[in-house]
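# Survey of secondary and tertiary structure
Each chain, written out:
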Amino acid sequence: TINIPDSVKKIGEGVFWGCTSLEEISISNSVEVIGNGVFAGCDSLKNVNIPEDNEKYVVLDNILYNKKEKSLLSCFSRKKNIVIPYGIEKIERRAFEYCTSLENVTLSADINGIYDGAFMGCLKLKNINIPKGVSSIDAFTFEGCPELEEIKLPENLERIFNGAFSGCSKLEKI
């Protein structure tokens, strides 16, 4: 268990990356910034405690959200199926990185940005529908998703960046 003291104002990107024995963390209201993918690869993490009166961050179903920016920062769920709630507009960098149990994600129509490496290393992810508000697939977004078979891209998609589907060996249908 880790208790972040009140003196800490920022938790950087990927700070706890790969802390496979970490089970619980408590974050005080003094923390103003939490970086992307902060809990990637934390396979044993069960609880992230954030005070209910926190104006910026909330944890719902083992997913950390930034309420003010309407973004999903980090998933530490071991669920097979995840539904992103309406009102969330962005899937931040490395948000689902190494969520190795994840098979299906349902993105709300409100999503307009999915950033670098968002689903990197999701070893069991099989399919995903990208909402029409998304205009680009960033670099390495789905890298290392060997079970990804199908992805539905929006008609208004403008760009696919380098390595977006690298290592997606079963990808058959776009």
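Quantities reported herein were computed from a predicted structural model and do not represent experimental measurements. (Residues numbered from 1 in each chain as written. Predicted model: local features only at pLDDT ≥ 70, side-chain atom pairs only at ≥ 80, totals over all residues. Heavy atoms only, no water.)

## Looking at the overall build of the protein
Put simply, the rule reads: The way it works is that DSSP assigns letters per residue, a run of H or I at least four long becomes a helix, a run of E at least two long becomes a strand, and they are numbered from the N terminus. Here the globule rule reads 2.2 Å times residues to the power 0.38, and the radius of gyration is calculated from C-alpha atoms. Note on exposure labels: buried denotes an accessible area under 20% of the residue type's maximum, exposed denotes more than 50%, and partly exposed covers the range between, all computed with a 1.4 Å probe on protein chains only. All accessible-area figures derive from a Shrake-Rupley calculation using a 1.4 Å probe, and residue coverage is judged against the displayed protein chains alone. For the purpose of charge, His is not counted, nor are the chain termini; Lys and Arg are scored as positive and Asp and Glu as negative. The atom standing in for a charge is NZ when the residue is Lys, CZ when it is Arg, CG when it is Asp and CD when it is Glu.
Each helix and strand counted, the protein has zero helices and 16 strands in total. Radius of gyration (C-alpha) of the protein: 16 Å, near the 16 Å computed for a compact globule of 174 residues. When burial is assessed residue by residue, the protein has 45% of its 174 residues classed as buried. Here the protein displays about 8,600 Å² of accessible surface, and carbon together with sulfur accounts for 46% of that area. Of the side-chain charges in the protein, 20 are positive and 25 negative, and the distance between the mean point of each set is 1 Å.

## Points about the pattern of salt bridges
Pairing of side chains with opposite charge becomes possible as their charged atoms draw close. Heads up, the condition is: The rule for a salt bridge is simple: a side-chain nitrogen of Lys or Arg has to be within 4 Å of a carboxyl oxygen of Asp or Glu.
With the rule as written, the count across this model stands at eight salt bridges. Put simply, Glu 13 and Arg 94 hold a salt bridge, and the shortest N to O gap is 3.4 Å. With Glu 13 in the loop between β2 (10-11) and β3 (24-26) and Arg 94 in the loop between β10 (90-91) and β11 (104-106), the pair connects residues that are 81 residues apart, well separated along the chain. Residues joined in a network through salt bridges with shared partners are Glu 13, Arg 93, Arg 94, Glu 97 and Asp 116.

## Some remarks on the confidence of the model for the protein
Put simply, the test is: Values of pLDDT, the confidence the predictor places in each residue, fall between 0 and 100.
This prediction gives the protein a mean pLDDT of 94; 100% of its residues lie at or above 70. Taking the mean pLDDT of every element in the protein, the minimum, 91, falls on strand β13 (residues 127-129) and the maximum, 97, on β10.

## Digging into the pairing of strand β7 (residues 63-66)
Rules: Criterion used throughout: strands pair if DSSP finds at least two bridges between them.
Side chains Ile 63 and Tyr 65 project from β7 onto one buried face, and the interleaved Leu 64 and Asn 66 project onto a second face that is buried too. Both strand β6 (residues 57-60) and β7 contribute to a ladder of four bridges, which runs antiparallel. Residue pairing in the sheet places Val 59 in a bridge with Leu 64 of β7. Looking at chain direction, β7 and strand β8 (residues 71-75) are connected through four bridges and run antiparallel. Residue Tyr 65 lies in a different strand from β8, and its bridge partner there is Leu 72.

## Comments concerning the environment of Val 8
Let me state the cut-off plainly: Residues count as neighbours in contact if any of their non-hydrogen atoms are within 4.5 Å of one another.
As for its placement among the helices and strands, Val 8 is situated in the loop between β1 (2-3) and β2. You can call Val 8 partly exposed: its relative accessible area is 24%. Here the alpha-carbon distance between Val 8 and Ser 30, two residues 22 residues apart in the chain, equals 6.7 Å. Look past the residues within four positions of Val 8 in its chain and what remains in contact with it is Ser 30 and Val 31.

## Notes on the nonpolar core
Worth spelling out the cut-off: Buried Ala, Val, Leu, Ile, Met, Phe, Trp, Tyr and Cys residues that are joined via side-chain atoms within 4.5 Å together make up what is termed a nonpolar core.
Judged by nonpolar contacts, the single largest core of 31 residues is most densely connected at Ile 84, Ile 91, Phe 96, Phe 119 and Phe 142. Of all the secondary structure elements, the ones that give two or more residues to this core are β7 and β8. Apart from the residues within four sequence positions on either side, Phe 96 is in contact with Leu 72, Cys 75, Ile 82, Ile 84, Ile 91, Leu 102, Ala 118, Phe 119, Met 120 and Cys 122. Phe 16, Val 31, Val 38 and Leu 45 belong to the second-largest nonpolar core, a separate cluster that totals 18 residues.

## Overview of the packing of aromatic side chains
Short version of the rule: Only the six-membered ring of Trp is used, alongside the rings of Phe and Tyr, when aromatic pairs are assigned; centres must lie within 6.5 Å, and planes under 30 degrees apart are stacked while those over 60 apart are edge-to-face, with the rest tilted.
In the structure shown here, the tally under the stated rule is six aromatic pairs. An angle of 15° between the planes, with centres 6.1 Å apart, marks the rings of Phe 16 and Phe 39 as stacked. Taken together, the residues span a long stretch of sequence, with Phe 16 in the loop between β2 and β3 and Phe 39 in the loop between β4 (33-34) and β5 (47-49) at a distance of 23 residues. Here Phe 16 and Phe 39 have matching classes, each one buried. Ring centres of Phe 96 and Phe 119 lie 4.9 Å apart, and the angle between their planes is 5°; this geometry places the pair in the stacked category. With Phe 96 in the loop between β10 and β11 and Phe 119 in the loop between β12 (113-114) and β13, the pair connects residues that are 23 residues apart, well separated along the chain. Of the two residues examined, Phe 96 and Phe 119, each falls in the buried class. Members of the aromatic cluster, connected to one another through ring pairs, are Phe 96, Phe 119, Phe 142 and Phe 165.

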